[in-house]
Amino acid sequence: MTTRWLAPLILALAMNAAASELHLTLHDEPKTLDPWLAADESADAIAYLTEGVLIRVNRFTQQMEPELAASWKTAPDGTRIVFQLRQGVKFSDGSAFTSADVVASFERMLDPALHSPVADTFKTDHGSVKIRAQGPYTVIAEFPAPTASIERLFDQVAIVSAKAAQRPAPGLGPFLIDERRPGVSIRLKRNPSYWKRDANGAALPRVDSIRFDIEENRDLEFLRFRRGEIDMIEKLSPELFDRLASEAPGTGIDAGPTLDSEFLWFNESSRGPISDSKREWFRSAAFRKAVSLAINRGDLCRIVYRGHASPAAGPESPANKLWFNSELAPDPFDPALAMKQLTADGFRLDRGTLRDRHGNAVEFSIITNAGSKTREQMATLIQQDLAKLGMKIAIVTLDFPSLIERITRNMNYEASLLGLTNVDADPSELMNVMLSSASNHPWNPSQKSPETMWEAEIDRLMLAQAATADYHARKKSFDRVQEILHEQEPIVYLLHPNALTAVSPRVSGAKPAVFLPHTFWNAELLTVRGGVQGGAQ
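Residues numbered from 1 in each chain as written. Predicted model: local features only at pLDDT ≥ 70, side-chain atom pairs only at ≥ 80, totals over all residues. Heavy atoms only, no water.

A. Local environment of the environment of Gln87. Mapped onto the secondary structure, Gln87 falls in the loop between strand E5 (80-85) and helix H3 (99-109). Residues Gln87 and Trp195, 108 residues apart in the sequence, show an inter-C-alpha distance of 9.7 Å. (Helix = DSSP H or I, 4+ residues; strand = E, 2+ residues; numbered from the N terminus.)

Right under this line is the structure:
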């Protein structure tokens, strides 16, 4: 009698011991779980692991790899791409994946009423992409004009079930959302219907689950990693990276310069509840240039990033050798020239206080996300630099959802210090930032028509570079975009950080990359030794 219940008990314990869970963190609650509306790193991370795409850009090699599309053929002029879909693929609810799902996904994503930031990438000055099915496993994408790097665009578009009514709909990624505890954690479980196999034919993913703890405190994240409660850290602060290199050599990895940028911008939107005098400052190119000249980028890289960063001249890092405009250099630290710019624009220094032509003291606040030591430190140094010009700066830290609400919806802010994550080196990836009509156009989003001549020129150039497959023509257009941004300074680009990550010895298969996600881009191939470990639940 004893042996009858003992055997299944032993089996159950063995199965539990064999279970593996990868423990990671998100620094903020995802703003949305809709993959077509994802506009923050936390939402992007969940979408990356739970959604399938037609083509995936390998984050390590930067080469395009077939995913839901087994193969594709692109027209020489870049106006058409024909996908042959994988057969036998099923959604997590058991329904078959066909061309109807691809067409429905694109129709939903491109719907103007949705305001998807991903949709901006598919815009040209001749219109948008048209997607149609030709049988159950062939999809044809036709662009109204030649389009650059046409295949790489499809890395961003999640393909979801056309039959599912709920959102988020069943996906085709390696994991499924299993449990969400707002503000605490999100647990993903392996997708038993996932189509991919490893080189030996074994089912993927290799881990049974991934648990993301919502951990805004970077110091606590670090301590939990050192205690073995967290397996990988996607982004380490420079201070903690150097500390980890000293305490646990080999677990901290500097993957090198990223294509990401940290920057400051001012709210130029007429929808923002700010005073007319401040809006006048913010819309002055001379004022913005003076701010740029007054900021010591060398100090930001040396003090805040401990040398793990380089000064920025614009949106592209010199590491992006194909697209960086090598004629540009970061603005020098030159407070005297900054004051000269301000004086020529009608500002004057009055007993240590900078005043505009109407006598208003120059005072404004900078918002940034709470919990980011690097941004808080940068904001403090910027505050000190601008104080030397007589500007009074207040620093306001907000939780990330509140910050996103302010900069994209109610526009209730004056200046913001944030960063941009590039998932591809191609300039078309910046369409949803550079186009004046884009919802992510930082300084003045969702314009019905460009409010300045230089924004209209950027629109024209960005659409033009996206409408040709000729690299030299594209490079000329994008070089000019970078020049305009450098001249007008709507965004004060500060620096390009290195990719600083941490990987526990428990994890096998990790290859940190300079593009996000840095550590778990190949999550389906990762393994974790030691079964399920302890930690916050």
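There's more to say after this.
B. View of the pairing of strand E8 (residues 130-133). In the sheet, E8 pairs with strand E9 (residues 138-142) via four bridges, with the strands oriented antiparallel. Paired with Arg132 across the strands is Ile140, a residue of E9. Two successive antiparallel strands, E8 and E9, enclose a turn made up of four residues, where Gly135 displays a positive phi of approximately 85°. (Pairing = 2+ DSSP bridges.)

C. Main features of the sheet that holds strand E10 (residues 175-181). Pairing in this open sheet of four strands is mixed, and the strands run E1-E12-E11-E10 from one edge to the other. Two strands in the sheet have a free side with no partner beyond their single neighbour: strand E1 (21-26) and E10. The sheet shows a mean angle of 20° between the axes of neighbouring strands, taken without regard to direction. Note: E10 against strand E11 (residues 185-190), six bridges, orientation antiparallel. Bridge pairing in E11 links Arg181 to Ser185. Lying on the sheet, helix H2 (residues 41-50) is in contact with E1, E10, E11 and strand E12 (209-214); it crosses E10 at an angle near 140°. (Axes fitted to C-alpha atoms, helices over the stretch in contact; angles between N-to-C directions. Contact = heavy atoms within 4.5 Å.)

D. Local environment of the packing of helix H4 (residues 218-226) against helix H5 (residues 238-247). For the pair H4 and H5, interaxial distance at closest approach is 11 Å and the crossing angle is 20°. The pairing of H4 with H5 is recorded here as roughly parallel in orientation. Considering only the axes of H4 and H5, their crossing is right-handed. For the pair H4 and H5, the contacting residues are Arg218, Asp219, Phe222, Leu223, Phe225 and Arg226 in the first and Leu240, Arg243, Leu244 and Glu247 in the second. Per-class residue counts for the contact of H4 with H5 are five nonpolar, no polar and five charged. (Parallel < 35°, antiparallel > 145°, perpendicular 65-115°, else oblique. Left-handed = near helix turned anticlockwise from the far one by under 90°. Nonpolar A, V, L, I, M, F, W, Y, C, P; charged D, E, K, R; others polar.)

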